[in-house]
Structure formats: C-alpha cells, structure tokens
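Tertiary structure, described
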Number of protein chains: 2
Amino acid sequence: MSTDLDHRCINTLRTLAMDAVQKAASGHPGMPMGMADAAYVLWTRFLRHDPQDPTWLDRDRFVLSAGHGSMLLYSLLHLTGYDLPLEELKAFRQLGSLTPGHPEYGLTPGVETTTGPLGQGFANGVGMAMAERFLAATFNRPGFSIIDHHTYAIISDGDLMEGISHEAASLAGHLGLGKLIYLYDDNGITIEGSTDITFTEDVADRFRAYGWFVQQVDGHNADAVTEAIETAHGEAERPSLIACRTHIAYGSPNKQDDAEAHGAPLGEDEVARTKEQLGWPADVQFWVPDDVREVFRKAVADGGEAHEAWSELFGRYAEAYPEEAALLERLLAGELPEGWQDAVPTFGASDGPMATRKASGSVLNAIAGKLPTMVGGSADLAPSNKTMLDGYGVFGAGSAGGRNVHFGVREHAMGGILNGMALHGGLIPFGGTFLVFSDYMRPSVRLAALMELPVVYVWTHDSVWIGEDGPTHQPVEHLAALRAIPNLHVVRPADANETAAAWLSALERRAGPTALVLTRQSLPVMDRDVLTGSGGAARGGYVLSEAPDGEPEVLLIATGSEVHLALKAQECLANEGVQARVVSMPCWACFDAQPTRYRDEVLPPGITARLAIEAGVSMGWRRYVGSQGEVMGINHFGASAPYKDLTKAFGFTAEAVTERALAVLERVASA
Amino acid sequence: MSTDLDHRCINTLRTLAMDAVQKAASGHPGMPMGMADAAYVLWTRFLRHDPQDPTWLDRDRFVLSAGHGSMLLYSLLHLTGYDLPLEELKAFRQLGSLTPGHPEYGLTPGVETTTGPLGQGFANGVGMAMAERFLAATFNRPGFSIIDHHTYAIISDGDLMEGISHEAASLAGHLGLGKLIYLYDDNGITIEGSTDITFTEDVADRFRAYGWFVQQVDGHNADAVTEAIETAHGEAERPSLIACRTHIAYGSPNKQDDAEAHGAPLGEDEVARTKEQLGWPADVQFWVPDDVREVFRKAVADGGEAHEAWSELFGRYAEAYPEEAALLERLLAGELPEGWQDAVPTFGASDGPMATRKASGSVLNAIAGKLPTMVGGSADLAPSNKTMLDGYGVFGAGSAGGRNVHFGVREHAMGGILNGMALHGGLIPFGGTFLVFSDYMRPSVRLAALMELPVVYVWTHDSVWIGEDGPTHQPVEHLAALRAIPNLHVVRPADANETAAAWLSALERRAGPTALVLTRQSLPVMDRDVLTGSGGAARGGYVLSEAPDGEPEVLLIATGSEVHLALKAQECLANEGVQARVVSMPCWACFDAQPTRYRDEVLPPGITARLAIEAGVSMGWRRYVGSQGEVMGINHFGASAPYKDLTKAFGFTAEAVTERALAVLERVASA
C-alpha cells in the first residue's frame, strides 16, 4: 500500500518539474506532474539500474519517449543518485547545462536516448529490446544469464499518433518482445486541446491487434501501477502496454487537464497554489525533503548490489567462456573483433561488371563471420538491397539469435530501431531500403547523427538510372539532402572496391552514422593496376586517374556511376589533346575532414577548369568546382524508361561530358 | 451472379498486365492478377465516372495506393474508354509513354494521383474524401447535391505496414468518413516472402479500433466483393475497409502465392502456361475479346449519362445559386476569387516587432473571408504555427463545413491529405508544423512537388533561434534539404511584409507547392519608407538596402531573421567607411527563375566580395557568393539555451558579421 511518504516522493517529482520550468520560463510541466506516480513506481520498485555506473551492461533500459517531459527524467536521475547535482536542475534549458530542453544522449548521465521528436523513443525501445534478446541468445549460457533485463518507456498520446509508433508496435508484437513494457500517459490532452478533437481511436484494441498485452489502470494509483507492472513481468510472450489514465498537470487547481499546461510554465502564482494543494511549502523552490531523498537514493545501494552480483556472475562466466566474455567486453567498449578487416574482400576487374549493391552484399557476407553481432536487414527489400546474411538465420520470436531482421515495409521504425540497437550496445546494426525512401526514415537518421551512433544504412537504387520504376522511385535530391545533415557520412562508391572501402570506413567509424549509396545497375570493377588503388576512397576523394602526361588542364570530379563516365570522357579528351584528371569523390564529409594540403593536392587551387558530374541535383557542388567550373547534374525529377534511354535523354554520355569539359576549359582560357 | 463473361473480363485484366510486364521486361504482374476480380467489380458495377471527361467534378475518385500494380489501372482506363490506346499499354515503362512504371498524375488521363511510395495513396484518398465532404457542406443546397461521390482505393499489405497508413486511418476513423471505401489486397505476400515473416497484426481489429467498418471477403469471389461494396455504401458514419483475401499472381501455375511474382515478369513460358490455365489463347498478346471490351466500354455511355444528368442539375443550381456556382467553377479552373489579393494586409514598422509566424497568422485570417475554400490546420501545433482561421469552425464528423483541421500529431498523414485535397480540386489546402518536423512529412512533400500541386506548408520555428527546446527541435539542415527538392518553393521571409508577399506568391502559384519558413522569435517590421518595398520579395531576391553612396563594395546576402543582422552590419560597415549592399533573398528558386539581367542587377558580377548569412548549414550558398565570397552558416547541430545566448555562442552578431565582411573585402582586395 502506498504511504504518505510515497506521495511526498511523487510530489517532489511534481514540484521539481514545476520549479525548473518556472525558473527557465520555458518547458513542459504538465507531463511530469501527470506521470509522477507511475514514474515513481517504476523507478523505485522495479527499475534495475546502478546510478553510480550508467553504463552497466545488464541494467534495465528506460526511455522517456515523451521527451518534452525531460524534467521528470532529470528529477529521477538526480534523486536516485546519478551524477546530476541539483544545481543542474536549476540550470534547466540553459547554455552548457546537463539539463537541455529535451533529453540528450551522451550529455546527461543516465539518459539512454535523445528524445523529443515524437515516436522516436517508442521505436528506440523496441530496438533495445531486440538487442537484449539477440545478445542473450548469443552470449548467455546455461547458468549464466548475463544478459537479462527489461526495456521500459513512458510514451504519450503524441507518440501514439505518429506513424512510427504503429510500425514499431506492429513489429514488436510480431516478434513477441515480452520484456518490453511501455507505460502510456493517457492524459487525454494534446497541444491543440482535448484528444477528443482528433484522437479517438481505441488504443487498447489497436495494441491488442498488434499482439500486445494491454492493461488499463488509474495512473494516479501507485498500487494499481505496481500491480500492472508485476503482471507485465509475468507475460513472457507479448510486449506490454500499460495505459495509465492520468491528469496532465495533476494537482494544479487551474491548469490540471488543460492543454496550456503542456508546454508553458504554470506561472508563479499557480505554482504556489499547486504546491499548497499538494501540501507543499508554497514559497520554497527545488525542495527535496530528506526522507524523500532517502527513498530515492536507495537506488544507489540496491543498484550497486545488483551490479556487484552481476559482476560476480560475469567473472565466473569469463572464466568458463573466456572468448565470449572477451568479445562482449570488446564490443561494449565500441571496438570490433580483432582482424575483422582482413575479411573484407578485394575485387578484380574480371569480377565485374557488378552493381555496387551486389558488391556490398558480398562484403557483408564476407565479414559476417568475423562480426558475430552484426545484425540488420531491410524494409522489405532485402533481395534488392542485398542485405541478407546467408546462413545466419532470421531474428524472430522463436529464433532470437538470428541475425537477419525482416523489418517489413517500415522504414521509419527501422531507423528508430537501428538507433535503439546501437544505443543498447554490443550490436553492429545496419538497415537497407531504396535511397529514395531514405525520406521515410529521415527523422531517425537525423537523430543517429545527433547522437553520434555508429549505424550503417544500405541505400541502393541510387539514381535515376534505376530506370523503369520512374520518378517516384528515382532519387534526385537525396544525395544533397542527406549531405546536409551534420555528422552523417554519405558515401557513394564508384565500384566494388570503393564499396569495400566504404564498408571498412563505415564500421570503423564510431561517432556517427554512415550511409552507403549504391547502384542498382552494374558497373565495371576498375582495374587498379591501371588506376589508383581504392585506398584513397577512405579519404573521401582521391585522384583516381591522373592526366596522361601528369599535368592536368581540367579536373573531372564525380561519384558513383558517373566516375565511369568521367573516365571515358578523360579518354575522349586525351584524343583531343586535352589533359584531364579524374577525381573520385565518394564522400564529401570525409574529404572535407582532410588536411588542406591533401585537398589541394587532389584539387589543385591553380586548376580552375573543373567539371563535377553526378546524377542528382547539383546543389552543393559549386564549392568544389568554384566560380569558373560547372556541374553536370539532374535538377529535375526523373522519368520511367529503360536506363540507357534515360542516360541519353538526360545527357549523361561520355560525349556530353567531353563537350562540357571543353566548354569549361575554353571559358577559363578566355577569362 | 457472376457469369463466364465476367470471368473473361477479369482475365483480360490479368493477361494485359502479364503481357505488358513481359514486354517491358520489368514491372509488377502479381498484384493486378490478384486484384483483377475486385477491381473489375468496382469499376464496372460501382465506379461513377465519365471516361470522356476525367475532370468531371462529381466523379468518384479512385486511388491505386499500391501503385506498383499500375498495369491494373492502365488496363481499366484503356478498357473503360479513357484516351489511353492499347498502343500505350504496349509501351509500358518506355520513355515518353503514358504508362510509366508507377501511375503519374497529370500524365495519364484518369490517374487521380501519383502513387508507388507506399502509404501515400492511402492518405491521398482520405484527403479527397475530406475535400468531398467539405465541398458538399459548403456548396450543396436543398435539392442540389451537386457534390456527392465516393472515394475508393486499392491498398496493399505494404501500405498498411507504413506508418502513414496508421495516421491517416486513425484520422479518417475519427472524422467518420463514411464515403471512403478501401479494398485491401490481403494477399499475404511481401517482397521478402510471406507476410508471416513480419506482418502478423490483426488488420481487421486494428481498423475497428480506428472506428472503421470492416468486412472480410474472398477477393476472387466477384459476388462477395459486390455485396461488400453495397454494404459499405449503406454505412454512412464510418469509413470502410473491405479486406479481400486474394492470391498474388492468381492463375499462374508456378508463381501464384510466390513473392517472386510481385516485382518481376513471370517469364514467357509461365505467361503462356498461365493463359492456358485461365482458358486464354497462349500465343496471343494484349488480346481484348470484343464482348469483353463491350462490357467495360459501357462506362462511356453510363458515365456520359450520369455526367449529363449532373450537368443538368448543376445548370439549375447555377441559376438558383449563381454566385456559388461561379465560385466553384472558378476554383475548379484553378483560379482564386477575384480581388482576394486586396485583403492581404500591409504592416507598418510600428506593428513590430512581430514574429513572421504571427504575421502569417494575421495574413491567413485577413484573407480567409475572401477564400471560402481555404482549408487547413496543423499537426497539433496550431497555437504555435498560428494556423487557426478564427471563426471558421473545426472540420469534423458533425461539422463538415469547418475550415480548421485538427490533424493531430500526424505530420506525414497531413502531407498526404493535403495532396489529396489539392488533387480533388476546389480547395486551397495548407498545413503547418515546426520546420524541423518537415522531415516527418518529406515523402509527401516530394510528391506534391512531383505532382505540381498548389499546397502551402506553414513551417515555423525555423532555426536554432527557437532556443530552449534544443537541437531536437532546431532545424539546421532543413532549408538546404528542402531547397534540394525540385519544384518546391522554399520561402523564408525577413519580416511581416515579406511574409505577406510570400503568402501572395504561394497562393498565386498553381504548379507546385510552397513552403513558408517562419520565425518563432519577433523581428522588426522593416521601415519600407527607408528600405526598398517588399514587392521585390516575389522575385526571390532583391536589393533591400543600397549602399549609402550607391556604390557597394561588398554584398551582404541573407534570409529571414539574418536580414536584420545584415542591416545592422551594413551600418557598422558604413561607420568604418565601407559601402555594403544588403540583399534579402527569401526564395532561391524564385530568384533563379528571374532573367539574368535582373539577377545581375541584384548581385553584380563585378562585386566578388560577398557574404551570405543564414542560420543553417551553408550548403548551396556558394553559388551566390562565388569562390571569393564567404558563407556564415551553422554547420553543426544546435543547443538548448535562451536564443540570445545562442546568437553569441554561434557568432551571429552584427559585430561578427561586420568582421567577416571586412575579412572578405580584404581578401578580395589582395587577390
């Protein structure tokens, strides 16, 4: 039975949120006040975590999908003993504080994922639960359940309106993720007013239809919430949704159940009145009663004990299974198994012609054996994306160790799930779809970049040269739009060996995601005895083919399939007595990160006759070709036709490139 | 009861699809073969349309959401008498044909929307049904049901896995769109195999939870489908889902129920064997028996008759309600009510400071009375986006004439629904969210641009200057990423009057969407007695403030809030004796469309000392500043802090701009 002390603990969560938002004159008090009871129950009676070591592998994961309620999380972290002093709560939403407006992974100890964009946390949690299940199946041994934890989240009406919640919930139900437990803040309020104005679906029935185990409780009844979580623990086969009927801004005499309480301070008067109503001193801010702190701080001792017991178990595991233990520790440290790079294949010219998507599939399968926790799949395009890991099974309800995930036609959930897998740690996640459908998962890609997660995207069918499927399936603006995202590496390799190099770079990169942009159509495997080795690809751009006499007059810069066009044009130009250098530039971001000296070697400042060639919008290329140069791009949507017809229709032929290069040269000469 | 002739009609649909895909050596035969029965029933027994006039206002709308089954639609259009000769079917997926890989709106007569990216058509249909209901409520009069039609769609497993289907279905159920009837091709097959591998939700229960009326039938039983559609017609309060259990590639001895039949030709042998099994001559291609053609072609007479009866009704309506009729005709012709522009307000300097989102709200409300079919709303951010049309009611189940739509936290569905509204015709649709969440609706925005639809997006909170909400809510890459989309106008006005000009341009634009990118924070209303008038904004870029002596040495180019920074820097530079011109450039695409002469007047080629200033990634600006110029951008994610702290932290102060401008000048001088 809940006691008065319980209620004071809960009200401490409420008042801290009110005070911090009021002090910042900005923020979201309503949700923390509404979900304080449920969060208190979860964090003090169930959550297995060690505030002194937020990186403990086997901790329960907690996701605040409704990230706008960040003050609830910060209060919980502070009170349970994480390294987050009260001073930080007082600096809520201020420059340089550990308490930004929405929770940020990597910044605040104990924050498991960056949330705020609705629905993302929901999908992250599904990814975490999948990671837990996979790692348990892979590393646990009889008597050694070294990986065995729950994933919890607090989710909101907003999360459930977002499409990504549908996708992720449907997949979680399909997979039967029994250790996933979501507390739904069913407060009936959205920004525009009551949810009645637009959100009248039967959420419980909807989730039952997905195969979830659904309970509905009074979210202000701590005992009812306790019982529901206990019952959820008993359900092994289905993910759990516990719908907590709550009142937003609970306790506020004038703003409870009011949309205004969602995203604005209550106002000083209302804060005082609310405190009065909650039996709280009205004139004190950020007050944490000693006995309240004591209750929360039990987490330190309890968590420490649990962690220690686990460490003892893991120690014995390491003795019994030294290889497994070493591998796991290595992976958790963000390192890959030693020598995995040796498995990356080299392709000979005679292996071609070969689409880069096919080369990618070969690389994936060549390295799969060396990277036993590489897990991924496609949003129902595996045969096209070449993402199947042959012989490694399908991840499913009855096959937790399978490494191939059938994400379904759920690009957005895939993006959020890959983030969740990376956040959990231990896995090397990748996911594929057509490049044009990167748009469907873009919000999750952005968060991967923001969180600096090592996720790899396999985006194939990378240009209008996919042909017959037409403009709906032909990316045109996508390379530019993706390059615009800070910290996302976008790599468009020109042949099989550049593809291998791209995989190598992508997997070695630990501080951000990499997008592999791959062709549908076959491309020659370039003869590296004649051309420069593909090693330069890792630098983002390199001299692939020097001008015949070593003194280039014009630079041809290209990516992917257009590199071959540049090579042909180089020959044509040579026949006309013009010396051209071909630069392959698979990754702008990687090239930009090189020292000036290297960049100037590849693109000598003195050579202003430059032509960039890429089958996409020309946006952004100007910085590499300069004012004197030109860009051959495709600044319009594509068309449905066999791809060779399109190359002619859109002027992407060696002759056209040659002509344009000559025109640029002439203009520069006459300038 | 279905007859042998019915079956031959249905098999004609199957064989045409097989033949066209086989001839093109590319395409999707499985779906047309599986849904031929249901499509036949719908198109010959229910669909009210006039093949001779695909623009007839009161026709039923048909959406092939599963756009990969395009050959089914092309066959239906050809057979029922649209201007789509058999020769076009033979040129399936060829350059310049009317039969591209996926249906394209504006290209093929009778194609109501461009589909292929899954889930989009689902949402389009919801938008069409909303448009129908709104127009009926607005224009119908007792005895004059001039607008009264159904919206049908064929949807697939893939559509239902996509998150947008959840969002749109939930809203459609909430709105009780009784005239929306979707036939679900429940064939149990996706590209990666059986849907059992990833899609095991109970779709029927899920849709019941949304408030839909669900029926389940054998999709190969034409009579059962007929009965189900009839029953759906009797259901006025709920949208209908008719789940048709089908076999993909029905009739193919070796490929029926096989994922391979989804997206590849059956092969010549299998085509022949399938024809045999269907009782079809195996060696004839593109064969349409005369009696079959006769059945389908009845649509011409029936449709003509229905259309004529409607025209007669509309004629009498026009006599009784001449103003309404004139307005409706004008809107359908793509023109706006005469003189609406006069209602666009002008703002004085004393009206400021004012956020451009607020100015947008003022403009919207000032013109709302003149544009009675302007309908829109926000994805649950109306109070922030300032999208409410005051006094015009809420569009809902019981208020069909309301002009404010509560889209809910459903950005993606909002995008698809706005497209559907625009496609239906008669409406002027707009929708808002935060700029950062344009990512959530990007696939629909792309399609609006591709389809050349006049949709207006109101994207507020347009930069890191939103402050405390932090990097998850701070757009950085979005301006660049959106500018990359062909045919999308991205307009970032610098003050209230540029905002008014932006609305004017957006609504006058008929051949594509416009994104209004608006500030959260207040900005001065520029004094147009001192500065150039805001009329230049319509040209995308204009000289806002000439150098004091009329002979600029350096050009400061900026958009939105940064224009004010440029103006301040101009003063600082003047104090140092440097002549700077300030160019406001709210819309790149509009500026690029101006004659060279105008562009050279605004950005004189002779002045190479140029500085662009914009609070976002600098990508793409190089083409305006040239090799000698510089770009002040923000090429990293933002941070949570009060916005004035961020301006200092990120170096966006008048002093910093002045310094950079001086540095550019110096470099140019010494070059």
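Above this text you will find the structure in question.
Since the model is a prediction, treat every value here as computed from it, not as a measurement.

Reading the values: the criteria
Residue numbers here run from 1 along each chain, matching the order of that chain's written sequence. Think of it this way: whatever chain is written first is A, whatever ligand is written first is 1, and the rest follow in order. For this predicted model, a pLDDT threshold of at least 70 governs which residues receive local features, and a threshold of 80 or more governs which side-chain atom pairs are given and counted, while totals over whole chains, interfaces and linings are taken from all residues. In computing side-chain values, all of the structure's heavy atoms are included and hydrogens and water are not. Paired strands, in this sense, are two strands between which DSSP finds at least two bridges. Put simply, DSSP H or I for four residues or longer makes a helix, DSSP E for two residues or longer makes a strand, and each gets a number counted from the N terminus. Here, axes are lines fitted to C-alpha atoms. For helices the fit covers the stretch in contact, and angles between N-to-C directions go from 0 to 180 degrees. Throughout, a residue-residue contact means that at least one pair of heavy atoms, one from each residue, lies within 4.5 Å. When accessible area is computed with a 1.4 Å probe and restricted to protein chains, residues below 20% of their type maximum are described as buried, those above 50% as exposed, and intermediate ones as partly exposed. Think of it like this: strands point away, you trace from the first strand over the helix to the second, and a clockwise trace means the crossover is right-handed. We call a set of buried residues a nonpolar core when its members are Ala, Val, Leu, Ile, Met, Phe, Trp, Tyr or Cys and they connect through side-chain atoms within 4.5 Å of each other. A helix's residues, less one, multiplied by 1.5 Å, set its expected span. Computed with a 1.4 Å rolling probe, the buried area is the accessible surface lost when two parts are put together, summed over both parts. Criterion for a salt bridge: a side-chain nitrogen of Lys or Arg within 4 Å of a carboxyl oxygen of Asp or Glu. Residues adjacent in sequence count toward polar contacts only when both atoms are side-chain atoms; beyond that, a polar contact is any pair of N or O atoms within 3.5 Å, and within protein one must be able to donate a hydrogen and the other to accept it. Any residue that is not Ala, Val, Leu, Ile, Met, Phe, Trp, Tyr, Cys, Pro, Asp, Glu, Lys or Arg is counted as polar, Gly included; the first ten are nonpolar and the last four charged. What sets the superposition is a least-squares fit of C-alpha atoms, and only residues with pLDDT of at least 70 in both copies go into it. Axes are fitted to the seven residues ending at a residue and to the seven starting at it; the angle between these axes is taken as the bend at that residue. Within this scheme a cavity is a closed region of a 1 Å grid, computed over the protein atoms alone, that accommodates a 1.4 Å probe without allowing it to escape, whereas a pocket is open but has protein on both sides within 12 Å along at least five of seven lines; lining residues each have an atom within 4 Å of a point. Grid points are joined across faces, edges and corners, and a volume is the space filled by probe spheres set on the points. Any two cysteine sulfur atoms within 2.5 Å of one another count as a disulfide.

1. Some remarks on the sheet that holds strand β1 (residues 61–64) of chain B
Residue and element names in this part refer to chain B.
- Taking strand neighbours across the sheet as the criterion, the five strands line up as β1-β2-β3-β7-β6 in an open arrangement whose pairing is parallel. Two strands bound the open sheet, and with one partner strand each, they are β1 and β6 (213–218). In this sheet, neighbouring strand axes are inclined to one another by 20° on average, regardless of whether the strands run parallel or antiparallel.
- For strand β3 (residues 180–186) and strand β7 (residues 240–245), the ladder comprises six bridges, and the chain directions are parallel.

2. Thoughts on the sheet that holds strand β17 (residues 554–558) of chain B
Residues and elements named next belong to chain B.
- Ordered by their spatial adjacency, five strands build an open sheet running β16-β18-β17-β19-β20, and the pairing between neighbours is mixed. Since the sheet does not close on itself, it has two edges, and those belong to β16 (542–545) and β20 (630–632), each with one partner. The average angle at which neighbouring strand axes cross in this sheet is 30°, direction not considered.
- Judged from the three bridges that link them, strand β19 (residues 610–613) and β20 form a sheet pairing that is parallel. If you follow Ala 612 over to β20, its bridge partner there is Val 631.
- Set on the sheet, helix α20 (residues 562–575) makes contact with β16, β17, β18 (580–584) and β19; between it and β17 the angle comes to about 160°.
- The sheet strands contacting helix α25 (residues 654–670) are β17, β19 and β20, and the helix crosses β20 at an angle near 170°.

3. Focus: the pairing of strand β17 (residues 554–558) of chain A
Residues and elements named next belong to chain A.
- Burial runs high along β17: five of the five residues are buried.
- Where burial is concerned, the two faces of β17 agree: the one with Val 554, Leu 556 and Ala 558 and the one with Leu 555 and Ile 557 are both buried.
- Across five bridges, β17 lies against strand β18 (residues 580–584) in parallel orientation. Directly across from Val 554, in β18, lies its bridge partner Ala 580.
- Handedness of the β17-helix α20 (residues 562–575)-β18 crossover: right-handed.

4. Some points on the nonpolar core
- Counting 227 residues, the largest nonpolar core has Trp 212 of chain A together with Trp 212 of chain B as the members making the most contacts within it.
- Among the nonpolar cores identified, the runner-up in size contains 113 residues, and Val 563, Ala 580 and Met 585 of chain A together with Leu 567 of chain B belong to it.

5. So, helix α19 (residues 496–508) of chain B
Residues and elements named next belong to chain B.
- Compared with an ideal rise of 1.5 Å per residue, which puts 13 residues at 18 Å, α19 spans 18 Å between its outermost C-alpha atoms and is within 8% of the ideal.
- Among the 13 residues that make up α19, 10 are buried, leaving the element largely enclosed by the rest of the structure.
- Within α19, the full set of buried residues consists of Ala 496, Asn 497, Glu 498, Thr 499, Ala 500, Ala 501, Ala 502, Trp 503, Ala 506 and Leu 507.

6. Points about the interface of chain B and chain A
- Across the boundary between the two partners, chain B contributes 97 residues, which contact 97 residues of chain A.
- Surface buried jointly by chain B and chain A totals about 7700 Å² across both partners, of which 59% is contributed by carbon and sulfur atoms.
- Connecting chain B to chain A are six salt bridges.
- The shortest N-O distance in the salt bridge between Asp 469 of chain A and Arg 93 of chain B comes to 2.7 Å.
- Taken together, the connections running from chain B to chain A amount to 51 residue pairs in polar contact (both at pLDDT 80 or more).
- Looking at which element gives the most residues to the side of chain B that touches chain A, the answer is helix α7 (residues 163–175) of chain B, with seven residues.
- Class assignment for the residues of the side of chain B that touches chain A results in 42 nonpolar, 32 polar and 23 charged.

7. What about the pattern of salt bridges?
Residues and elements named next belong to chain A.
- On inspection of all chains with the given rule, the structure shows 63 salt bridges over all chains.
- Here Arg 8 and Asp 291 are joined by a salt bridge, their closest N and O atoms 2.2 Å apart. With Arg 8 in helix α1 (residues 4–24) and Asp 291 in helix α12 (residues 290–320), the pair connects residues that are 283 residues apart, well separated along the chain.
- Notably, a salt bridge pairs Asp 495 with Arg 528, separated by 3.1 Å at the nearest N-O pair. Note that Asp 495 is positioned in the loop between β13 (489–491) and α19 (496–508) and Arg 528 in the loop between β15 (522–523) and β16 (542–545), a separation of 33 residues in sequence.

8. Things to note about unusual backbone geometry
Residue and element names in this part refer to chain A.
- Cis rather than trans, the peptide bond between Gly 352 and Pro 353 has omega equal to -5°.
- Tracing the backbone through its elements, the reader meets Pro 353 in the loop between α13 (322–332) and β8 (354–355).
- Unusually for a residue other than glycine, Asp 380 sits at a positive phi of about 65°.
- Inspection of the secondary structure puts Asp 380 in the loop between β9 (374–378) and α15 (382–385).
- Judged by relative accessible area, which is 6%, Asp 380 ranks as buried.

9. A closer look at the relation of the copies chain B and chain A
- Each copy superposes on the other: chain B lies on chain A with an RMSD of 0.0 Å after a rotation of 180° and an axial shift of 0.0 Å. Considering both components of the superposition, the chain copies are consistent with a two-fold axis.
- When the interface residues of chain B are mapped onto chain A, 100% of them are again interface residues, pointing to one common binding face.

10. Here we look at the side chain of His 461 of chain A
Residues and elements named next belong to chain A.
- With respect to the element layout, His 461 can be found in the loop between β12 (456–460) and α18 (478–483).
- His 461 gets classed as buried once you look at its relative accessible area, which sits at 4%.
- Looking at His 461, its side chain comes within polar contact range of the side chain of Thr 460, at 2.8 Å.
- Those residues in contact with His 461, other than ones at most four positions away along the chain, are Arg 357, Ser 384, Phe 434, Leu 435, Ile 466, Pro 475, Leu 518, Thr 519 and Arg 520.

11. Concerning the environment of Thr 99 of chain B
Residues and elements named next belong to chain B.
- Positionally, Thr 99 belongs in the loop between α4 (86–90) and α5 (120–139).
- Distance in space between the C-alpha atoms of Thr 99 and Leu 89 is 6.4 Å, their sequence separation being 10 residues.
- Apart from the residues lying within four places of it in its own chain, the contact partners of Thr 99 are Tyr 74, Leu 84, Glu 88, Leu 89, Ala 91, Phe 92 and Arg 93.
- Within polar-contact distance, the side chain of Thr 99 engages the backbone oxygen of Glu 88 at 2.8 Å.
- Of the polar contacts made by the side chain of Thr 99, one reaches the side chain of Ser 97; its length is 3.1 Å.

12. A few points about helix α2 (residues 30–46) of chain A
- Taking 1.5 Å as the rise per residue, α2 of chain A with 17 residues should run 24 Å; its terminal C-alpha atoms sit 24 Å apart, in good agreement.
- Helix geometry: α2 of chain A is bent most strongly at Ala 36 of chain A, by close to 60°.

13. Section: empty space enclosed by the protein
- Throughout the structure, instances matching the rule amount to six cavities of 30 Å³ or more.
- Its boundaries defined by the atoms lining it, the largest cavity holds a volume of some 90 Å³.
- For the largest cavity, the full set of lining residues is Glu 162, Gly 163, Ile 164, Glu 167, His 412 and Tyr 440 of chain A together with Glu 162, Gly 163, Ile 164, Glu 167, His 412 and Tyr 440 of chain B.
- Broken down by secondary-structure element, the contributors of at least two residues to the lining of the largest cavity are α7 (163–175) of chain A together with α7 of chain B.
- Of the residues that constitute the lining of the largest cavity, the class distribution is four nonpolar, four polar and four charged.

14. A few points about the state of the cysteines
Residues and elements named next belong to chain A.
- Evaluated as defined, the whole model comprises zero disulfides over all chains.
- Of all cysteine sulfurs in the structure, the one in Cys 9 sits closest to Cys 244, which takes part in no disulfide; the separation is 18 Å.
- Residue classification places Cys 244 among the buried residues on the basis of a relative accessible area of 0%.

15. Details of the pairing of strand β11 (residues 428–434) of chain B
Residues and elements named next belong to chain B.
- With seven of seven residues buried, β11 lies mostly within the body of the structure.
- Pairing between strand β9 (residues 374–378) and β11: five bridges, direction parallel. For Gly 377, the partnering residue across the bridge sits in β11 and is Gly 431.
- With five bridges joining them, β11 and strand β12 (residues 456–460) adopt parallel strand pairing.

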